[in-house]
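One letter stands for each residue in the lines below.
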Amino acid sequence: MGFFSGVSNFFSDAGTMSWDVILTLFNLVGRKRPIDDVTPEGHPGYGGHWPEFRPPQETDSRCSCPGLNALANHGIISRSGRDISFVELDRHVQATYNISSTLSSFVAHYAARMLDRNFSKDTLNLEELDRHNGIEHDASLLRLDAAFQPNQSTKHVPYIEELLAAASSKDKDGNDVIIVKDLSRLLGKRRAVSRAVNKEFTLKRFHKLFGCANASLLLSTMGGRVDDLHHFLLHEQLPQGWESRVRQPYGLTLINFNKLALKIEFGVREKDWAQVAQEAAEQHGTTPV
């Protein structure tokens, strides 16, 4: 990255952060979007009517993010998962999940920089987002570490089933829901076990927070509801009738996104899983780090 590009990115990010503060304040005083009217009119999924779901073909490109894979599986972005513009990705993530313009833009710009692409002009294949220790990282909630499964689009079903079974609360309608402490608990386990069995294990503070941020979207956009998450995580499908649980008029902002992520991170207790990690290490024939 050149000097002038770096300066440009700095001011762009500063502008995004400043605008995010304003959107967060607007959300405090604005009226919530009505139930059944969260998805914008004219966008796929309006009124809960999502385009046809088709599982990916062998030659299609997918990544470790269920939210992006679902967009491709429903044809909201290219079903092949290839040649997707960053601008298009930004727009559809924002509308489908009611993510603020600041959050969706920040993430899309980060991905473009990671891939050394031009946000406004270039495209990507979904699999390219899984550059190890770029966005993708070890001790994921839903995937095996890259050392054990290089293809990070591959779902690790036992992890997903364990997450769904971990729901410890119910909503007002009696639906099983996953809450913050459930995510913190499982992330602690993932980190402890991965550290014990993966000789190539790395997890910087940034990726710890990124992992918590990804997990937080299961609470914010999906409401933590197990019935919806079953479709979303196991099949990477948006259920008919579903809409984002984020009802703020300007969407989920960076501030509130990071606030929830930090709440999850502060509850992670890796040391509580020391015995489980030791047993996993013995089974793998490794020595815990």
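This text follows the structure it describes.
Residues numbered from 1 in each chain as written. Predicted model: local features only at pLDDT ≥ 70, side-chain atom pairs only at ≥ 80, totals over all residues. Heavy atoms only, no water.

1. Quick look at the nonpolar core
Thinking step 1. Counting 57 residues, the largest nonpolar core has Tyr97, Leu129, Leu141, Leu163, Phe232 and Leu233 as its most contacted members.
Thinking step 2. Those elements that place two or more of their residues in this core are α2 (66–73), α3 (86–97), α4 (101–114), α5 (157–165), α6 (180–197), α7 (205–220), α8 (226–235) and α9 (254–266).
Thinking step 3. Sorting elements by how many residues they give to this core places α7 first, with six residues.
Thinking step 4. Among all residues touching Tyr97, those that are not within four sequence positions of it are Gly67, Ala70, Leu71, Thr221, Phe232, Leu238, Trp242, Ser244 and Val246.
Thinking step 5. With eight residues, the next largest nonpolar core counts Val193, Ala196, Ala280 and Ala281 among its residues. (Core = buried A, V, L, I, M, F, W, Y, C linked by side-chain atoms within 4.5 Å. Buried < 20%, exposed > 50% of the residue type's maximum accessible area, 1.4 Å probe, protein only. Helix = DSSP H or I, 4+ residues; strand = E, 2+ residues; numbered from the N terminus. Contact = heavy atoms within 4.5 Å.)

2. Let's talk about the environment of Leu28
Thinking step 1. Residue placement: Leu28 occurs in helix α1 (residues 3–29).
Thinking step 2. Overall, Leu28 belongs to the exposed group, its relative accessible area being 68%.
Thinking step 3. Residues Leu28 and Asp13 lie 15 residues apart in sequence; the distance between their C-alpha atoms is 23 Å.

3. Describing the packing of α3 against α4
Any two packed helices are characterised by how steeply their axes cross, that is the angle between the axes, and by the distance between the axes.
Thinking step 1. Put simply, α3 and α4 touch, their axes get as near as 9 Å, and they point 150 degrees apart. One finds that α3 runs roughly antiparallel with respect to α4. Considering the relative orientation of α3 and α4, their crossing is right-handed. Here Phe86, Asp90, Val93 and Gln94 of α3 lie close against α4, whose contacting residues are Ser101, Ser104, Ser105, Ala108, Ala111 and Ala112.
Thinking step 2. Of the residues in the contact of α3 with α4, the class split is five nonpolar, four polar and one charged. (Axes fitted to C-alpha atoms, helices over the stretch in contact; angles between N-to-C directions. Parallel < 35°, antiparallel > 145°, perpendicular 65-115°, else oblique. Left-handed = near helix turned anticlockwise from the far one by under 90°. Nonpolar A, V, L, I, M, F, W, Y, C, P; charged D, E, K, R; others polar.)

4. A few points about the packing of aromatic side chains
Thinking step 1. A full pass over the atoms with the stated rule returns eight aromatic pairs.
Thinking step 2. Residues Trp50 and Trp242 carry aromatic rings whose centres are separated by 5.8 Å and whose planes lie at 35 degrees to one another, so their mutual orientation is tilted. Of the two residues, Trp50 sits in the loop between α1 and α2 while Trp242 sits in the loop between α8 and α9, which places them 192 residues apart along the sequence.
Thinking step 3. Residue classification places Trp242 among the buried residues on the basis of a relative accessible area of 2%.
Thinking step 4. Consider the rings of Tyr97 and Phe232, whose centres lie 6.4 Å apart with planes at 75 degrees: the pair is edge-to-face. One end of the pair, Tyr97, is in helix α3; the other, Phe232, is in helix α8, with 135 residues separating them in the sequence. Exposure class is identical for Tyr97 and Phe232. Each is buried.
Thinking step 5. Ring-pair connections join several aromatic residues into one group, and the members of that group are Trp50, Tyr97, Phe232 and Trp242.
Thinking step 6. The lysine or arginine in question, Arg190, covers the ring of Tyr159, its NZ or CZ lying 3.7 Å from the ring centre. (Phe/Tyr/Trp six-rings, centres within 6.5 Å; stacked < 30°, edge-to-face > 60°. Lys NZ or Arg CZ within 6 Å of the ring centre and 35° of its normal.)

So yeah, pure geometry; function would need other evidence.
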